[in-house]
Amino acid sequence: MRETFIATTTAILEEDPRTALVLADISADSFAAAQRRHPDRVLNVGIREQLMAGVGGGLALTGMRPFLHSYAPFLIDRTYEQIKLDFAHQDVGAVLVSIGASYDAAAEGYTHQSPGDVALLDTLDGWTVHVPGHRDEVAPILRAAARHDDRVYVRLSTQENSHAHLDGGTLRVLRHGGPLVVAVGPMLDPVLEATRDLDVTVAYTHTPRPLDTAGLRAALNGDEIVVVEPYAEGTSAHLVSAALSGLPHRSLHLGVGRAEVRRYGSRHDHARAHGLDPAGLHRSIEAFLN
Amino acid sequence: MKLLSRVTADVKHSPSAHSTLDVLWVLYDRVLRITPETVDDPGRDRFFLSKGHGPAAYYAVLAAKGFFPEEWLDDMGGWDSPLGHHPDRVLVPGVEVGTGSLGHGLGIAVGAALGLRAQGYLDTRTFVLLGDAELDEGSNHEAIAYAAAIRLPITAIVIDNQSSTHGWPGGIPARFPNWGVSVVNGRDRDEIERSLRVVENRPRLVVAAL
């Protein structure tokens, strides 16, 4: 997905003189050619993420469309107040594109992980959040985001599904059956594998914000719903609850646990530790439904 | 500035409010290419009040220059007033940035200057005003270093009324390496004007000492 982001953003910068890219050293080498071609619009501020966000806000105030990019913990966690005040409070937008996600950087440790990014953005107004589940979903998302001035977060991950679903901007039902299981972004393949022998409906979206609440109500089959997200568990619980208010329902929210897993290893190890591998998901979902 | 005395609600921050008055007047009366008619002109000069607290003088100057009615000054902080104890660009004509939390304006000013340059507004100038205590915020130093590294011709004005708790040993200019520097009397309007008119091929710091 990172390579697709680099290629697509390089092309967008070439085609649209309104766009700019602000970097804080991460991926700077990959954008070196774009920076040579567009020195006024490809800006590497060095290891200064607060400034990266402020510069993005300033660019947007002059009518440009800034893309900002770094590891999720530096792009979102570290700059939270800049995101709060330098964009929405100024009534401007930007496209924030992260890599690293929850635990792609497993061996780097907790400093390089951001399970809470989407929850942080949920405290603010008007952020669209895209969590592509496949590299082919990335380019259309970025191209659409370049064409307006709203606030957009694109969360890229190493983990991806075997097939792209380009229509994942709303909730798409991929398997019809009993209780609804919603898979966000790269959680689709593990969910499909985990529920192979379970009578469930499986729906997919790569755009959890705004959550497709009408689609959620339409896909609900019975009174049980399971949501599987690749970031902090329960992040979408408040929206699911609001979407289903007035309907008797039971819900299970699976995602990355709050407790720090103080181990290294690979993303597969961390998925297992958080119960987000197919075996862990199967255990949780089966126990909830029975 | 009898308009300033109309801004009655700003008791808490009144020293900081008055500290900016002469600089703000010189900017809007003599330096900035911006009028109520050109507040949306993409090529207008930009002024960012980073030190958003104590905006009484800012509001008084904007009202005096016709950006909004003087009557607005009578109810600052009121429920029906667009004028808060920290300015909001969405609510107040002429205000370029909503500030209050310290340490945001300089980074935004750097971004705006870059955006103006990328769009070919090469004669448009970008100014930002900070307080000496505001420099305590580390985010400023990210912007100070980057602006110097890329020789970005913005002008930062620091109102120095020695309000920083631990001070700035060595003086404020020492915190702005590779910036052009003027230290002026913050009450001498002619001296302020001369320093603000200097344009260099690098960022400029004007310390308005009080």
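Up top you'll find the structure we're talking about.
Residues numbered from 1 in each chain as written. Chains lettered and ligands numbered in written order. Predicted model: local features only at pLDDT ≥ 70, side-chain atom pairs only at ≥ 80, totals over all residues. Heavy atoms only, no water.

## Let's talk about the packing of aromatic side chains
On inspection of all chains with the given rule, the structure shows 11 aromatic pairs over all chains. Centre to centre, the rings of Phe5(A) and Phe31(A) are 5.5 Å apart; their planes meet at 75°, and the pair counts as edge-to-face. Taken together, the positions of Phe5(A) in helix 1 (residues 2–15) and Phe31(A) in the loop between strand 1 (19–23) and helix 2 (32–37) put the pair 26 residues apart, joining distant regions of the chain. Take Phe5(A) and Phe31(A): they sit in the same class, and that class is buried. Each ring, one from Phe68(B) and one from Trp72(B), has its centre 5.0 Å from the other, and the planes form 10°; the classification is stacked. The cationic tip of Arg250(A) hangs over the ring face of Phe288(A); the distance from NZ or CZ to the ring centre is 4.2 Å. (Phe/Tyr/Trp six-rings, centres within 6.5 Å; stacked < 30°, edge-to-face > 60°. Helix = DSSP H or I, 4+ residues; strand = E, 2+ residues; numbered from the N terminus. Buried < 20%, exposed > 50% of the residue type's maximum accessible area, 1.4 Å probe, protein only. Lys NZ or Arg CZ within 6 Å of the ring centre and 35° of its normal.)

## What about the interface of chain B and chain A?
With 26 residues of chain B in contact, the opposing surface of chain A contributes 23 residues. Summed over both partners, the interface of chain B with chain A comes to about 2,100 Å²; 58% of that surface belongs to carbon and sulfur atoms. Per-residue buried area on chain B facing chain A is highest for His104(B), Glu142(B) and Tyr146(B); these three make up 29% of the total on that side. Viewed at the interface, chain A and chain B are joined by one salt bridge. With a shortest N-O distance of 3.7 Å, Asp40(A) and Arg117(B) are connected by a salt bridge. Seen at the junction of chain B and chain A, the total is nine residue pairs in polar contact (both at pLDDT 80 or more). The set of elements that each furnish at least two residues to the side of chain B that touches chain A consists of strand 1 (46–49), helix 5 (105–118) and helix 6 (138–149) of chain B. Of all the elements, helix 5 of chain B adds the most residues to the side of chain B that touches chain A, at 10 residues. Residues belonging to the side of chain B that touches chain A are distributed by class as follows: 12 nonpolar, eight polar and six charged. (Contact = heavy atoms within 4.5 Å. Buried area = accessible area lost by both parts, 1.4 Å probe. Salt bridge = Lys/Arg side-chain N within 4 Å of Asp/Glu carboxyl O. Polar contact = N/O pair within 3.5 Å; in protein donor to acceptor, adjacent residues only side chain to side chain. Nonpolar A, V, L, I, M, F, W, Y, C, P; charged D, E, K, R; others polar.)

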